[in-house]
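As a plain string of letters, each chain reads:
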Amino acid sequence: MNGVHDMGGMENLGRVAPEADEPVFHFAWEGRVHALSVASPTRRNIDEGRHQREKIPGSDYLAMSYYEKWLRGLSELLVAHGFVTPAELASGRAAPDAAKAAPGLLAPDVASRFAHPGSYIREAAPPSFTEGEAVRARNLNPPGHTRLPRYVRGRMGVIMAQRGAHVFPDSHAHGQGEDPRPLYTVRFQARELWGDAANPRDSVRLDLWEPYLERA
């Protein structure tokens, strides 16, 4: 979807100011939001989680910090899937008659979960493109989730590497199955993206799924 979250190539959104010795979490509540997200039953589909955050209205999205967006998206998904009610979220307490479910992640299992993260690599049909081949990013404007940035749509690039097959987020985010597709690293020259004013030595490399690409 074409939302405010897709900021690549946009201007006038404030300067990027790296923080020296930046902590993992600036506040204790951020760590709790991260833990809730990892332990949540909605964690099985991280693409759906990303899409839920993308649906935050633009004015709210720009005013939120990183983990405020996580909390908003998580809360909305928990309600949408029936794991909690709006009243339970507002009170911070489970309803007395709420069904009790087994925790998705127990404290003794946390270290193992993070030491052995899951993988979205899958088996799929052989790739259609080869390294060194010229391609064009398709001019797609889907109403749902996509990982194809606006600023490369319709632009020419070159396949730099094949990355195997991975779960296709455009399908997965909407409950349409994993639908694994070949993934490629594609290089786009800066002048192809931003015109002659760009430095001719600059380029951008993106990992893009095969349905995003067509032969040049």
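Below or above, wherever it landed, is the structure these notes cover. What you see is a predicted model, and the numbers here were worked out from it, not measured in a lab. (Residues numbered from 1 in each chain as written. Predicted model: local features only at pLDDT ≥ 70, side-chain atom pairs only at ≥ 80, totals over all residues. Heavy atoms only, no water.)

Things to note about the nonpolar core
Okay, step 1: Core analysis: the biggest nonpolar cluster contains 19 residues, and Val152, Val186, Phe188, Leu208 and Leu213 have the highest contact counts within it.
Okay, step 2: When contributions to this core are tallied by element, the ones reaching two or more residues are strand 2 (134-137), strand 4 (181-189) and strand 5 (203-209).
Okay, step 3: Those residues in contact with Val186 that lie beyond four places of it in its chain are Val135, Gly157, Val158, Ile159, Met160, Val204, Arg205, Leu206, Leu208 and Leu213. (Core = buried A, V, L, I, M, F, W, Y, C linked by side-chain atoms within 4.5 Å. Buried < 20%, exposed > 50% of the residue type's maximum accessible area, 1.4 Å probe, protein only. Helix = DSSP H or I, 4+ residues; strand = E, 2+ residues; numbered from the N terminus. Contact = heavy atoms within 4.5 Å.)

Examining the side chain of Glu54
Okay, step 1: Considering the arrangement of structural elements, one finds Glu54 in helix 2 (residues 46-54).
Okay, step 2: It is Arg147 that comes nearest to the buried, bridge-free Glu54 among opposite-charge side chains, at 5.9 Å.
Okay, step 3: Sequence-distant contacts of Glu54, defined by excluding residues within four places in its chain, comprise Met1, His5, His145 and Thr146. (Lys, Arg positive; Asp, Glu negative; His and termini not counted. Salt bridge = Lys/Arg side-chain N within 4 Å of Asp/Glu carboxyl O.)

As for the packing of helix 1 (residues 28-39) against helix 4 (residues 66-80)
Okay, step 1: Running from N to C, helix 1 and helix 4 point in directions that differ by 40°, and their axes come no closer than 10 Å. As judged from the angle between their axes, helix 1 and helix 4 are oblique. As helix 1 packs across helix 4, the resulting crossing turns out to be left-handed. Along its contact with helix 1, which presents Trp29, Glu30, Val33, His34, Leu36 and Ser37, the element helix 4 presents Tyr67, Glu68, Trp70, Leu71 and Leu74.
Okay, step 2: The residue makeup of the contact of helix 1 with helix 4, split by class, is 7 nonpolar, 2 polar and 2 charged. (Axes fitted to C-alpha atoms, helices over the stretch in contact; angles between N-to-C directions. Parallel < 35°, antiparallel > 145°, perpendicular 65-115°, else oblique. Left-handed = near helix turned anticlockwise from the far one by under 90°. Nonpolar A, V, L, I, M, F, W, Y, C, P; charged D, E, K, R; others polar.)

Overview of the pattern of salt bridges
Okay, step 1: With the rule as written, the count across this model stands at 6 salt bridges.
Okay, step 2: Here Glu178 and Arg122 are joined by a salt bridge, their closest N and O atoms 2.7 Å apart. In this pair, Glu178 is assigned in the loop between helix 7 (169-172) and strand 4 and Arg122 in strand 1 (residues 121-122), connecting sequence segments 56 residues apart.
Okay, step 3: Arg122 sits in the partly exposed class, given a relative accessible area of 26%.

With respect to the packing of aromatic side chains
Okay, step 1: Evaluation of the coordinates by the stated rule reveals 9 aromatic pairs.
Okay, step 2: Ring geometry for Tyr67 and Trp70: centres 5.2 Å apart, planes at 65°, overall edge-to-face. Linking Tyr67 with Trp70, this pair stays in helix 4, spanning 3 residues, or about one helical turn.
Okay, step 3: The class for Tyr67 is buried, based on a relative accessible area of 10%.
Okay, step 4: Seen from their ring centres, Phe129 and Tyr184 are 5.6 Å apart, and the 65° between their planes marks the pair as edge-to-face. Taken together, the residues Phe129 in the loop between strand 1 and strand 2 and Tyr184 in strand 4 connect sequence positions 55 residues apart. Considered together, Phe129 and Tyr184 belong to a single accessibility category, that of buried residues.
Okay, step 5: Sitting above the plane of the Tyr61 ring, Lys69 keeps its charged end 3.9 Å from the centroid.
Okay, step 6: The ring of Phe168 has Arg181 sitting right over it, with the charged end atom 5.4 Å from the ring centre. (Phe/Tyr/Trp six-rings, centres within 6.5 Å; stacked < 30°, edge-to-face > 60°. Lys NZ or Arg CZ within 6 Å of the ring centre and 35° of its normal.)

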